[in-house]
Amino acid sequence: MKNLIIASTSTLHGGEYLDYLLPTLANHFSNCDTIIFIPYARPGGISHDEYTERVQAAFSKINKNIIGLHTFENPIEALQNASGIFTGGGNTFLLVTQLYENNAMEVLANVIKTELLI
């Protein structure tokens, strides 16, 4: 069985970034200590590092470590070996463009279709 969560990551719902979603994320990623984050959408044009830090701050509340996909020498291998993957919102055009530029779009699709991401 595949497990995916689709949610608005820009919605604050009266709290900090992702606060409203943290219980669901904690359950979803219960068997993952480290999660690969795809920061390519860069909301507001922030850097990949800034976006990754923002996501790490949120996920640290549920004791999860975030590593930005952009930091891997081989992003394809990183996706194939990931125990969990998280993609934040922002500019979808940038997200898709960078996934293709890094030859990661097809790999990501295959991982989602064939691997159990928990």
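Here the structure is shown first, and the text comes after it.
Residues numbered from 1 in each chain as written. Predicted model: local features only at pLDDT ≥ 70, side-chain atom pairs only at ≥ 80, totals over all residues. Heavy atoms only, no water.

*Asks:* Hey, could you run me through the side chain of Gln 98 in this one?
*Replies:* Following the sequence through the fold, Gln 98 ends up in helix H4 (residues 92-101). The buried category is assigned to Gln 98, whose relative accessible area is 17%. Of note is the side chain of Gln 98, whose polar atom sits 3.0 Å from the side chain of His 48. Those residues in contact with Gln 98 that lie beyond four places of it in its chain are Tyr 40 and His 48. (Helix = DSSP H or I, 4+ residues; strand = E, 2+ residues; numbered from the N terminus. Buried < 20%, exposed > 50% of the residue type's maximum accessible area, 1.4 Å probe, protein only. Polar contact = N/O pair within 3.5 Å; in protein donor to acceptor, adjacent residues only side chain to side chain. Contact = heavy atoms within 4.5 Å.)

*Asks:* Whenever I open this one, the pattern of salt bridges confuses me. Can you help?
*Replies:* A side chain with one charge may pair with a side chain of the opposite charge, provided their charged atoms come close. By the definition in use, this model includes one salt bridge. Between Lys 61 and Asp 19 there is a salt bridge whose closest N-O contact spans 2.9 Å. On the criterion of sequence distance, the pair formed by Lys 61 in the loop between helix H2 (48-59) and strand S2 (65-68) and Asp 19 in the segment before helix H1 (22-28) is long-range, its members being 42 residues apart. Classification of Lys 61 by relative accessible area gives partly exposed; the value is 46%. On the basis of relative accessibility, which here comes to 26%, the residue Asp 19 falls in the partly exposed class. (Salt bridge = Lys/Arg side-chain N within 4 Å of Asp/Glu carboxyl O.)

*Asks:* So what exactly am I meant to see when it comes to the sheet that holds strand S1 (residues 34-38) here?
*Replies:* Adjacent strands of a sheet form backbone hydrogen bonds with each other and so pair up, either parallel or antiparallel. Strands sit in the order S2-S1-S3 across an open sheet of three strands; the sheet is parallel. Only two strands of the sheet have a single partner each, and these edge strands are S2 and strand S3 (85-87). Ignoring strand direction, the axes of neighbouring strands in this sheet form an average angle of 35°. As paired strands, S1 and S3 are joined by three bridges and run parallel to one another. Counted as the bridge partner of Phe 37 is Phe 86 from S3. Its contacts with the sheet put H2 on S1, S2 and S3, and the angle it makes with S2 is roughly 165°. (Pairing = 2+ DSSP bridges. Axes fitted to C-alpha atoms, helices over the stretch in contact; angles between N-to-C directions.)

*Asks:* So what exactly am I meant to see when it comes to the pairing of S1 here?
*Replies:* Regular strands show a simple pattern: their side chains alternate between the two faces of the sheet. The buried fraction of S1 amounts to four of the five residues, a majority that puts the element mostly inside the structure. Here S1 pairs with S2 via four bridges, running parallel. Counterpart to Thr 34 in the pairing with S2 is Asn 65. Taking the sense of rotation as the criterion, the β-α-β connection linking S1, H2 and S2 turns out right-handed. (Right-handed = clockwise from strand over helix to strand, strands pointing away.)

*Asks:* I keep staring at the nonpolar core and nothing clicks. Help me out?
*Replies:* If you look at soluble globular proteins, the nonpolar side chains tend to sit buried side by side. Residues Leu 18, Leu 25, Val 55, Phe 59 and Phe 86 are the most contacted members of the largest nonpolar core, which totals 16 residues. Listed by contribution, the elements that provide at least two residues to this core are H1, S1 and H2. Filtering out sequence-adjacent residues up to four positions away, Phe 59 remains in contact with Leu 18, Leu 25, Phe 29, Ile 35, Lys 64, Ile 66 and Phe 86. Ile 36, Leu 95, Leu 99 and Leu 108 belong to the second-largest nonpolar core, a separate cluster that totals 15 residues. (Core = buried A, V, L, I, M, F, W, Y, C linked by side-chain atoms within 4.5 Å.)

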